[in-house]
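# Structural characterization, general
For reference, the chains in residue letters:
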Amino acid sequence: MSSKKTPPALSDSQIAIMHVLWDREEATLGEIWAEVTADRPLAKNTVQTLLTRLVEKGWVNYRDTGKGFLYRSAQGRRAARKQILSRVLDAAFQGSTEGLVMTLLETRRITPEEAARLRALIDAAEEGS
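To start, this report covers the structure provided alongside it.

## Comments concerning the sheet that holds strand β3 (residues 69-73)
Overall, antiparallel pairing links the three strands, which are arranged β1-β3-β2 in an open sheet. Looking at which strands have only one partner, the edges of the open sheet turn out to be β1 (26-27) and β2 (60-64). Sheet topology places β2 next to β3; five bridges connect them, and they run antiparallel. Residue pairing across strands places D64 opposite F69, the latter belonging to β3. Seen against the sheet, helix α1 (residues 12-24) touches β1, β2 and β3 and runs at an angle of roughly 90° to β3.

Take a look at the structure:
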């Protein structure tokens, strides 16, 4: 993403819809509804309303095929992850990156490969300081 401003925050249901679009690239309302409701019950018109809001917020684009609409993500996963993490960091950790990382390491197991990647990222961040 270039210098575009990140769109407004996403709800959990909207994030579920975005995962479908990121995985499929394009999808119809029916396809999105089928995937989202595999995990949680939602009415089809609720999914349509959520999609409409995602379009209004700038997260989703659509095109008319003549038989219906095909929806596509207008923002990447990375933008959403950054936004969500920023909200959690500010709300739960008062902006403390250390607090966030320490909590993750205390509550989640990581593989030796993940630990090595994390060490490399920390080293690179220190070199860039």
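Having seen the structure, we can now continue with the description.
## A few points about the packing of aromatic side chains
In this structure the tally under the stated criterion is three aromatic pairs. Relative to F69, the ring of Y62 lies with its centre 5.0 Å away and its plane at 85°, an arrangement referred to as edge-to-face. For Y62, a relative accessible area of 47% translates into the label partly exposed.

## What about the nonpolar core?
Counting residues in hydrophobic clusters, the biggest one holds 20 residues, and the most contacted among them are I17, M18, L21 and I32. Mapped onto this core, the elements with two or more residues apiece are α1, α2 (29-36) and α3 (44-57). Counting residues per element, this core draws most heavily on α1, at seven residues.

## Quick look at α1
Between its first and last C-alpha, α1 extends 19 Å over 13 residues, near the 18 Å set by a 1.5 Å rise per residue. Within the sequence span of α1, burial applies to S13, Q14, I15, A16, I17, M18, V20, L21 and W22. A positive phi of about 75° marks E25, the residue just after α1.

## A few points about a nonpolar patch on the surface
A surface patch of nonpolar side chains, amounting to about 500 Å² of accessible area, comprises V101, M102, L105, I110, L118 and L121. Elements that contribute at least two residues to the nonpolar patch include exactly α5 (97-107) and α6 (112-128). The leading source of residues in the nonpolar patch is α5, at three residues. Along the chain, L118 turns up in helix α6. Among the residues examined, L118 registers a relative accessible area of 37% and is labelled partly exposed.

## Description of unusual backbone geometry
For E25, which is not glycine, the phi torsion reads 75° and is therefore positive. Mapping E25 onto the fold places it in the loop between α1 and β1. In the Ramachandran plot, Q94 falls in the positive-phi region, its phi being about 50° despite a non-glycine side chain. Topologically, Q94 is positioned in the loop between α4 (77-93) and α5.

## Looking at the pattern of salt bridges
The full count for this structure, using the stated rule, is six salt bridges. Here D23 and R77 are joined by a salt bridge, their closest N and O atoms 2.2 Å apart. With a gap of 54 residues between them, D23 in helix α1 and R77 in helix α4 connect regions that are remote in the sequence. E31 serves as the salt-bridge partner of R24, at 3.7 Å between the closest nitrogen and oxygen.

Conventions used here
Residues numbered from 1 in each chain as written. Predicted model: local features only at pLDDT ≥ 70, side-chain atom pairs only at ≥ 80, totals over all residues. Heavy atoms only, no water. Pairing = 2+ DSSP bridges. Helix = DSSP H or I, 4+ residues; strand = E, 2+ residues; numbered from the N terminus. Contact = heavy atoms within 4.5 Å. Axes fitted to C-alpha atoms, helices over the stretch in contact; angles between N-to-C directions. Phe/Tyr/Trp six-rings, centres within 6.5 Å; stacked < 30°, edge-to-face > 60°. Buried < 20%, exposed > 50% of the residue type's maximum accessible area, 1.4 Å probe, protein only. Core = buried A, V, L, I, M, F, W, Y, C linked by side-chain atoms within 4.5 Å. Expected span 1.5 Å × (residues − 1). Patch = residues over 30% accessible without salt bridge, like charges linked within 9 Å, V, L, I, M, F, W, Y side chains within 5 Å. Areas by Shrake-Rupley, 256 points an atom, 1.4 Å probe, with all protein chains shown as cover. Salt bridge = Lys/Arg side-chain N within 4 Å of Asp/Glu carboxyl O.

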